[in-house]
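Each chain, letter by letter, is given below.
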Amino acid sequence: MKQLRITILALASVGWAIAQDVPPLEPLRGDAASLKDTMKFIQDKVHGNVNYVVYGHNNRTGGDVSQMRRFEISNVSSDATRCSITFQEYFDNGIKGDIKDYELLLKPVQNVVLQQMDQTLQQDSAKNGHPEMSIKVEPSIFLVVLYWEPKHRMMFNFYDDTLADRVTKAFQHAVDLCGGGNKDPF
């Protein structure tokens, strides 16, 4: 009798499981995403307008400077077959605005990093012979920086650090799929 109850329960469980809707597979994410899907994600996320103020303080002389800036990415298009992203960049440093068209080829990219703009500007200032400058950016801006060759880079600006992190990972995945990335063993 006990064995009959177990068999009936087992059959009822199987019938219940068959009657349930099987959920669809989750969309591909991360390393499983195709190059086409990854490029589309990047295309949809890198466009936009970012406004901020850069404050500089000279720790040696005590002088202060501030500069309003505007950075805009538009007309973004990705091409998975060429491993490229084209876009138009507008940058206004408070003195003069400049519009440039770019084609970013992903295969030569060696490294993709996420940085805060303050840190990047502080390092640039020190490399240019001005370590005495302290730099602050308001509001906080997060940069997705793509590096190739020793002195070449492309930066994409974001207010949102979570989105910037996702775009950084997407760019790294696309670079890897395109055959780029750092090939050094260490």
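Residues numbered from 1 in each chain as written. Predicted model: local features only at pLDDT ≥ 70, side-chain atom pairs only at ≥ 80, totals over all residues. Heavy atoms only, no water.

Draft legend 1. The arrangement of the sheet that holds strand β3 (residues 84-92) in detail. Taken in spatial order, the five strands of this open sheet run β4-β3-β2-β1-β6, and their pairing is antiparallel. In this open sheet, the two strands that pair with only one neighbour each are β4 (97-105) and β6 (133-138). Looking at each pair of strands side by side, their axes are set apart by 25 degrees on average, direction ignored. Contacts between helix α2 (residues 35-45) and the sheet are confined to β2 (64-79) and β3, with β2 contributing the most and set at about 140 degrees to the helix. Contacts from helix α3 (residues 117-127) reach β1 (48-58), β2 and β6 within the one sheet, and its direction differs from that of β6 by about 155 degrees. (Pairing = 2+ DSSP bridges. Helix = DSSP H or I, 4+ residues; strand = E, 2+ residues; numbered from the N terminus. Axes fitted to C-alpha atoms, helices over the stretch in contact; angles between N-to-C directions. Contact = heavy atoms within 4.5 Å.)

Draft legend 2. Seen up close, the pattern of salt bridges. Here the structure, examined in full by the defined rule, presents eight salt bridges. The shortest N-O distance in the salt bridge between Lys100 and Asp98 comes to 4.0 Å. Judged by relative accessible area, which is 34%, Asp98 ranks as partly exposed. (Salt bridge = Lys/Arg side-chain N within 4 Å of Asp/Glu carboxyl O. Buried < 20%, exposed > 50% of the residue type's maximum accessible area, 1.4 Å probe, protein only.)

Draft legend 3. The state of the cysteines, seen in detail. Under the defined criterion, the tally for this structure stands at one disulfide. The residue that forms a disulfide with Cys83 is Cys178, at a sulfur-sulfur distance of 2.1 Å. Across the disulfide from Cys83 to Cys178, rotation about the S-S bond amounts to roughly -95 degrees, and the bridge is consequently left-handed. Taken together, the positions of Cys83 in the loop between β2 and β3 and Cys178 in the segment after α4 (161-177) put the pair 95 residues apart, joining distant regions of the chain. Residue classification places Cys83 among the buried residues on the basis of a relative accessible area of 13%. Assessed through its relative accessible area of 9%, Cys178 is described here as buried. (Disulfide = S-S within 2.5 Å.)

Draft legend 4. Inspection of the environment of Asp184 at higher detail. Relative to the elements of secondary structure, Asp184 occurs in the segment after α4. Among the residues examined, Asp184 registers a relative accessible area of 56% and is labelled exposed. Once the C-alpha coordinates of Asp184 and Gln110 are considered, the two residues, 74 residues apart in sequence, prove to be 9.7 Å apart.

Draft legend 5. Seen up close, the confidence of the model for the chain. Of all residues in the chain, 83% have pLDDT values of 70 or greater, and the mean over the chain is 86. Note that residues 4-20 has pLDDT below 50 and, in this model, zero contacts with residues that lie over four places away or in other chains. Throughout residues 22-28 the model reports pLDDT below 50, and contacts reaching past four residues in sequence, or to other chains, amount to one contact. (pLDDT = per-residue confidence, 0-100.)

Draft legend 6. Expanded view of the environment of Thr61. As for its position among the elements, Thr61 is in the loop between β1 and β2. Among the residues examined, Thr61 registers a relative accessible area of 58% and is labelled exposed. Among the polar contacts made by the side chain of Thr61, one reaches the main-chain amide nitrogen of Gly63 at a distance of 3.3 Å. (Polar contact = N/O pair within 3.5 Å; in protein donor to acceptor, adjacent residues only side chain to side chain.)

Draft legend 7. The arrangement of the nonpolar core in detail. Ranked by size, the top nonpolar core spans 39 residues in total, and within it Val46, Leu104, Leu106, Val144, Leu146, Phe156 and Phe171 carry the most contacts. Each residue touching Leu106, except ones within four places of it in the same chain, is listed here: Met39, Cys83, Leu146, Phe171, Ala174, Val175, Cys178 and Gly180. (Core = buried A, V, L, I, M, F, W, Y, C linked by side-chain atoms within 4.5 Å.)

Draft legend 8. A look at the pairing of β1. As paired elements, β1 and β2 share ten bridges and run antiparallel to each other. By the bridge assignment, Tyr55 is partnered in β2 with Ser66. Relative to β6, β1 is paired through six bridges, and the arrangement is antiparallel. Note on β6: the bridge partner recorded for Tyr55 is Lys136.

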